[in-house]
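Overview (structure and organization)
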Amino acid sequence: MANFIIIGLCILAGILFRKSKSLPKDAHKGINAWIIYIALPAVSFKYLPHITWTKDLFFPVLAPICVWLFGWLFITLYSCIRSISKSTTGGLKLTSSLSNTSFIGFPLIVAYFSEKELAVAIICDQVTFMLLSTIGIIVAIRSSQNQKLSPKLVLKKVMTFPPLIGCVLALTLPHFINLSSLDPLFEKLAGTVGPLALFSIGLQLKFGGWFSELKHISFALLYKLILAPLIVLVTALVLGMGGMITKITIFEMAMPTLVTAGVVADQYNLNPKLSNLVVGIGILLCFITTGLWWLVLTYSGLV
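These lines cover the structure that appears in this document, whether it is placed above or below. (Residues numbered from 1 in each chain as written. Predicted model: local features only at pLDDT ≥ 70, side-chain atom pairs only at ≥ 80, totals over all residues. Heavy atoms only, no water.)

1. Things to note about the packing of aromatic side chains
Two numbers describe a pair of aromatic rings. These are the distance of the centres and the angle of the planes. Applying the stated rule across the entire model yields 8 aromatic pairs. Ring centres 5.6 Å apart and planes at 75° place the aromatic pair Phe-17 and Phe-199 in the edge-to-face group. Of this pair, Phe-17 sits in helix 1 (residues 2–20) while Phe-199 sits in helix 10 (residues 193–204), and the two are 182 residues apart along the sequence. For Phe-17, a relative accessible area of 36% puts it in the partly exposed group. Relative accessible area serves as the criterion here: at 16%, Phe-199 is assigned to the buried category. Ring geometry for Tyr-112 and Phe-251: centres 5.3 Å apart, planes at 65°, overall edge-to-face. One end of the pair, Tyr-112, is in helix 5 (residues 105–112); the other, Phe-251, is in helix 12 (residues 243–253), and 139 residues separate them in sequence. Its relative accessible area of 17% is what places Tyr-112 among the buried residues. A relative accessible area of 0% places Phe-251 in the buried class. (Phe/Tyr/Trp six-rings, centres within 6.5 Å; stacked < 30°, edge-to-face > 60°. Helix = DSSP H or I, 4+ residues; strand = E, 2+ residues; numbered from the N terminus. Buried < 20%, exposed > 50% of the residue type's maximum accessible area, 1.4 Å probe, protein only.)

2. Considering the state of the cysteines
Tallied over the full model, the rule gives 0 disulfides. The cysteine Cys-66 is free of any disulfide, with Cys-124 supplying the nearest cysteine sulfur at 12 Å. (Disulfide = S-S within 2.5 Å.)

3. Brief notes about helix 4 (residues 86–97)
Because an α-helix completes one turn every 3.6 residues, residues spaced three or four positions apart along the sequence face the same direction. Compared with the 16 Å implied by 1.5 Å per residue over 12 residues, the 17 Å span of helix 4 between its first and last C-alpha is a close match. The element helix 4 is largely enclosed, with a buried count of 11 among its 12 residues. Ser-87, Thr-88, Thr-89, Gly-90, Gly-91, Leu-92, Lys-93, Leu-94, Thr-95, Ser-96 and Ser-97 are the residues of helix 4 that are buried. Its buried side turned inward, helix 4 meets helix 3 (58–82), helix 6 (118–143), helix 11 (214–238), helix 13 (259–267) and helix 14 (272–298). (Expected span 1.5 Å × (residues − 1). Contact = heavy atoms within 4.5 Å.)

4. Re the nonpolar core
If you look at the biggest cluster of nonpolar residues, it comprises 94 residues, and the most contacted ones within it are Leu-94, Leu-98, Ile-104, Phe-106, Leu-108, Leu-132 and Ile-283. For this core, the leading source of residues is helix 6, giving 15 residues. Ile-283 has contacts with Ile-11, Ile-104, Ile-201, Leu-205, Pro-256 and Val-259, leaving out every residue within four places of it along the chain. (Core = buried A, V, L, I, M, F, W, Y, C linked by side-chain atoms within 4.5 Å.)

5. As for the pattern of salt bridges
Per the counting criterion, the structure on display carries 1 salt bridge. Taking the shortest distance from any N to any O, the salt bridge between Lys-46 and Glu-115 comes out at 2.7 Å. Highlighted residues: Lys-46 in helix 2 (residues 27–47) and Glu-115 in the loop between helix 5 and helix 6, separated in sequence by 69 residues. Note on Lys-46: relative accessible area 16%, which makes it buried. (Salt bridge = Lys/Arg side-chain N within 4 Å of Asp/Glu carboxyl O.)

6. Comments concerning the packing of helix 11 against helix 14
Taken N-terminus to C-terminus, the directions of helix 11 and helix 14 make an angle of 35°; their axes are 9 Å apart at the nearest point. The element helix 11 and its partner helix 14 pack so that their crossing is right-handed. For the pair helix 11 and helix 14, contact is made by His-216, Ile-217, Ala-220, Leu-221, Leu-225, Ile-226, Pro-229, Leu-230 and Leu-233 and by Leu-274, Leu-277, Val-278, Ile-281, Gly-282, Leu-285, Cys-286, Thr-289, Trp-293 and Val-296, respectively. The class makeup of the residues in the contact of helix 11 with helix 14 is 16 nonpolar, 3 polar and no charged. (Axes fitted to C-alpha atoms, helices over the stretch in contact; angles between N-to-C directions. Left-handed = near helix turned anticlockwise from the far one by under 90°. Nonpolar A, V, L, I, M, F, W, Y, C, P; charged D, E, K, R; others polar.)

7. With respect to the environment of Gly-8
One can find Gly-8 in helix 1. For the pair Gly-8 and Phe-129, spaced 121 residues apart in sequence, the C-alpha to C-alpha distance is 25 Å.

8. Things to note about unusual backbone geometry
You will see that Ser-83, though not glycine, has its phi angle at about 55°, which is positive. Residue Ser-83 is classed as exposed on the basis of its relative accessible area, which comes to 64%. In this structure, Asn-271 takes a positive phi of about 45° despite not being glycine. Here Asn-271 shows up in the loop between helix 13 and helix 14.

9. A look at the packing of helix 3 against helix 4
Relative to each other, helix 3 and helix 4 sit at 145°, their axes nearing to 9 Å. Along this stretch, helix 3 crosses helix 4, giving a crossing that reads as right-handed. Within the contact between the two elements, helix 3 uses Val-67, Trp-68, Gly-71, Trp-72, Ile-75, Thr-76, Tyr-78 and Ser-79 and helix 4 uses Thr-89, Leu-92, Lys-93, Leu-94, Ser-96 and Ser-97. A class-by-class count of the residues in the contact of helix 3 with helix 4 yields 7 nonpolar, 6 polar and 1 charged.

Given below as C-alpha cells:
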C-alpha cells in the first residue's frame, strides 16, 4: 500500500507544480534528461550484470515485438474502417503499441512484486526503446507530411540512445573490469528513476478536449491495456511457459503508453493532441487495469 501512495503522491506533486507554475514550462525535459542519460543506464549496471541468462529470457525480448506487430495491425485495420488521416494513424500506432516499461512499469513492479524483478523489466524496456528508436521513428517519419526518411538519421538515433548504450556496456564491461565497487553508486542513481519519472509524468499530464477524441482514445487503450497483455498471456499458455519471468513480462506489456512515444508523435506532428490524451488517460486507467492483471497473473496457473 505504501508503494501505491508514493506513486500517487509523485504524480500529484507533478500536477500541482505544473498548475502552480512554480517550475519552468519545460522543466520535465531536464528531469527526463537525467532519467535517460544517468538513471536508466545506472539501472542497467545495477541489475544486468547479475542476471543468470536462460532461454526463458527470450520471452521478455520477443513480447514487446509481438505487441508492436499486433498493435500495428490493429490500428491499420481501425484506420481503414474509420478512414482517418495518415498522421493520426501514425500517432495511434506509436501510442498503442509501445509500453511504458520503465517510468510506470518499474514503480508498479516494485509495488506488486519486488525490486529484484526489475532485471526482467529492464530487458523489456531496452527492447521497447529499440523499437521506438528504429521502427517507431520510421513510422513517425512515414506518417509525417513534413519529414523524409533518412537511414543515417535512424542509425544515429539508435547508436546514440543512452539507455541502449548503458545496456550494452552493462552486459560487456563486467567481463573485463570489476565494477562491484561502484554498485552503491549505481544503486543510488537507479533509485531516482521511479520518483522522478512519476513526477515528470505529473508535469506533463493534460486532459483538455478528450471527449472529441473519445473513439480514437478508446480503441488505442483497448489494445494497449487489455488486448496486448492478453495476446502475450495466451502466447505463454500455448507455449506452456510459466514462472516469474513470464509473469513480469506480461505485466510489463499491460503498462500504458510509453511517454516518449507521445513526445515523438508531437515532434513529427502526428495529431499531438490525441497522442498526449492517450498517454495521459492511459496512465490514469492503468492503476485499475494493472491491478486486474495482477489478479489474473496470480490465479492464471503461471506457476
